[in-house]
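Notes for the structure review
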Amino acid sequence: MNSKIGYLLSTVRYLCRCRPVPRPLVPPSMHAAQCGPYQDRLDDVNCRKLLPNPFPSLHGSTLRFLSQKADVFSAGDEAEQDKSREAAVSEQATHSSLELKMLEGDAQSFRVKAVLDQNEQFFNSLQKCTCPSDVLDLAAESAVCIKQFTNCLTTMWKLFRNMSEDRRRYEKQLTFEHPAFVSLCQQLLRDSRRMTRGDLVFSLHAVVKLGVPQNTLLVQTLLRVCQEKLNQLDNRCMSVLATTLAEMDKDKNVSALQAGLQLLVEQRITSIRDIFILQNLMKCMGKDVPVFLKKKLEMAVLREIDHLTYPNAHRVFLGLVAMNYCSIPILNACSQKIQENIHDAPFRQLIVILEACHSLQYRNIKLFSAVADYVNSVVCLLDKRQIIHFLSAFETLGFQPSELMGVLAEKVTEDSEFLDLKSLLIVLRVYSRLNYVPRDQHHLFYETLHSCLNKYLPQISNAELLKAVYSLCILGYIPHRALDQLLKKENYEELVSGDLYKEKRETMLRCVRTCMELDSPSFLQPAFLPTENFSSLVSSINLRKAREALLELLGDENMFRQNVQLPYDYHIDFEICMDSGRKKVLPVIATDSHTDISVQRLAFLFVPMSVFCLGTTHPQGKLAMKKRHLSKLGYHVILVLNKKFQALTNEGAIEFLKGKIYAENISPFSGVNVCDNN
């Protein structure tokens, strides 16, 4: 009886070793290449043909055969027979396993090769498509798989991106009407949860770019699946998803996904070493990101700053603008990289960089000078309107590229036909704010601009006309014909009637009136012009140090006057009266008559750096106009940079003012420039 139980156990062990092996599964790397239900059935049939069962049937007769033969063996030979039987079974099982692995390997290789050949043929055909309809036709002809869904959508988006606006609109209509597009979206919807993380985020990106409405079931399902698989996304997928969400409207799913993505970025930021991903995340996170996360992104970029390239530098600028975060160390490094590669930089990118510097309030004189010098060196290759765009970008920064402005002034004087109304207004604004006066034939330059303005008088709006006249007046040129049209009563009433920009327009009109009275007294002014005077730059800085220095120098408060208010609402910080030879300071009370030609009046203006062109002591337009008008009122104007003056010692401040009062052209401080005499 014991021997029969032993034989039964041996038989069971034999059955366990020799059970049929199921059809091998396709590895995960090949799952993305499977091609729909039809292909799955076909592969199953082929697999059965390629993998015949190497073992005989283990049902019925085999089990009975071993049981019937159990009583043949004697009890004394039981142990020996068990050992022999186990050795035989083990050898047979090992041999069978080797055969099975060989057959599995051959079948697997065959299937992989077949799928790869099919995919290669499909992708080769996909690359030859020239329009989205070609892609959809190809998708309709082929049994596309999950991996190919994404490639079809991404290829369609790339084709759309390179089209003109009109053709894009036409092709989009054809795409949405194509039956294969609907089928493709339906298949994508069904298989969204089986997609790999890369296919998922790229499909969402392509669908959004193609213009599928955000409230559709497809887009919302992809958003939900992205939420479910958020922790599975790698850094690249995280970057693509951030780009997609930045272009979508806010809804519950988008907001939830953005919040989750922000937490994920915060967790992984220290492990991201790809500066392309970092700059993309900076751009997509936006200005609403918490400051601590902005600082983490800043530190992550600084860790990889040694690997910075010019394209990276350009994109990092844009990323900082998107976050509204001015990181001086990053911007300095990017500026250095741009200067090193400026000859390879497209003109449009240089303009974008200048605009980014303005948005970030970043002032780098070396960078601006390098861009200006490079543009000036290739100015012969530029269209005149491109030069105007560069000058407009420099004007917003308060930087005067004098050589480039001189070149454009020559081109305008030679031939002004290229100036349309928009370009004319930009030129007037740039030259007036930066206070650029051409060295030679500057009157001819102004006459040319005035002539262009007269040409557009029949079509120009009153607001634009006021801006043009205001700019010319700041430059010291009175455009009589344009003024006649501007100051018609109905035009004036239209300018001051609206609430929007009303205060700004009234200020500009007061400036125009002041220029008419001081620069062109013979010009007849309408009686309805505002009688209030033009409000100029009023000092709001601390003048205590200057007052104490003047008291120490002159010895009496009657020898100077502080905070002097003049006609036209002009204001000066200190007034000092001297004899005509600038040898002796006179008491201001005894010289109240401004008509006395034997008295020379000095007007000290303590001004901030912001009223000068960047990096220079060249006054900008409004300050230059004030200086010109004070000269007409009988003053000799001395401009003092207050910040540098405050940095002087008390003794140094006294010596500086002494040099300016008694011998203005001699400065006792080498290397200290606190005054402008232009």
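A quick note: this is a predicted structure, and the numbers were derived from the prediction, not measured. The numbering scheme is per chain: residues are counted from 1 as the chain's sequence reads. Under the rules for a predicted model, residues below a pLDDT of 70 receive no local features and side-chain atom pairs below 80 are neither given nor counted, while totals for whole chains, interfaces and linings still include all residues. The basis for the side-chain values is all heavy atoms of the structure; hydrogens and waters are excluded.

**Concerning the overall build of the chain**
Where we set the bar: Starting at the N terminus, helices and strands are each numbered in turn, a helix being any DSSP run of H or I of at least four residues and a strand any DSSP run of E of at least two. Contacts between residues were defined by any pair of non-hydrogen atoms, one from each residue, lying within 4.5 Å. Calculation of accessible area relied on Shrake-Rupley with a 1.4 Å probe; when residues are assessed, cover is drawn exclusively from the protein chains displayed.
Of regular secondary structure, the chain possesses 31 helices and 6 strands. In the chain, 72% of the contacts between residues at least 6 apart in sequence involve partners at least 24 apart. Of the roughly 35100 Å² of accessible surface on the chain, a fraction of 53% belongs to carbon and sulfur atoms.

**Some points on the pairing of strand β2 (residues 571-579)**
Test applied: Between buried and exposed lies partly exposed: a residue is buried under 20% and exposed over 50% of the maximum accessible area for its type, with that area taken using a 1.4 Å probe on protein chains only. If DSSP finds at least two bridges between two strands, the strands pair.
Among the 9 residues that make up β2, 8 are buried, leaving the element largely enclosed by the rest of the structure. Of the strand pairs in this sheet, strand β1 (residues 561-565) and β2 are connected by 4 bridges, and their pairing is antiparallel. In the sheet register, Q565 faces β2, and the bridge partner there is H571. In this antiparallel pair of consecutive strands, β1 and β2, the connection spans 5 residues, and Y568 shows a positive phi of 65 degrees. Where β2 lies against strand β4 (residues 599-607), 6 bridges are found, and the strand directions are antiparallel. Looking at β4, one finds that C577 is bridged to R601. Looking at chain direction, β2 and strand β3 (residues 585-586) are connected through 2 bridges and run antiparallel. Considered in β3, the bridge of C577 is made with L586. Hairpin remark: β2 followed by β3, antiparallel, with 5 residues in the connecting loop; positive phi at R582, about 60 degrees.

**Description of the pattern of salt bridges**
Stated precisely, the cut-off is as follows: Each salt bridge in this description consists of a side-chain nitrogen of Lys or Arg and a carboxyl oxygen of Asp or Glu lying within 4 Å of one another.
As enumerated under the stated definition, the model contains 19 salt bridges in all. With a closest N to O distance of 3.7 Å, E340 and K337 form a salt bridge. Taken as a pair, E340 and K337 lie in helix α17 (residues 328-340) at a separation of 3 residues, close to a single helical turn. Judged by relative accessible area, which is 49%, E340 ranks as partly exposed.

**Comments concerning the packing of helix α21 (residues 402-414) against helix α23 (residues 442-455)**
Quick reminder of the rule: All axes here are fitted lines through C-alpha atoms, helices being fitted over the stretch that makes contact, and every angle between N-to-C directions spans 0 to 180 degrees. When describing relative orientation, an angle under 35 degrees is termed roughly parallel and one over 145 degrees roughly antiparallel, while 65 to 115 degrees is termed roughly perpendicular and anything else oblique. In this scheme the handedness of a crossing depends on how the near helix is turned from the far one: anticlockwise by less than a right angle means left-handed, clockwise means right-handed. Amino acids outside the nonpolar list (Ala, Val, Leu, Ile, Met, Phe, Trp, Tyr, Cys, Pro) and the charged list (Asp, Glu, Lys, Arg) are all regarded as polar, and Gly is one of them.
Between α21 and α23, the least distance of the axes is 9 Å, while the angle of their chain directions is 60 degrees. When the axes of α21 and α23 are compared, the pair comes out oblique. α21 and α23 meet at a crossing whose hand is left-handed. Residues A409, V412 and T413 of α21 form the contact with α23, whose own contacting residues are L444, F445, T448 and L449. Here the contact of α21 with α23 is built from residues that sort into 5 nonpolar, 2 polar and no charged.

Distances and angles like these do not, on their own, reveal function.
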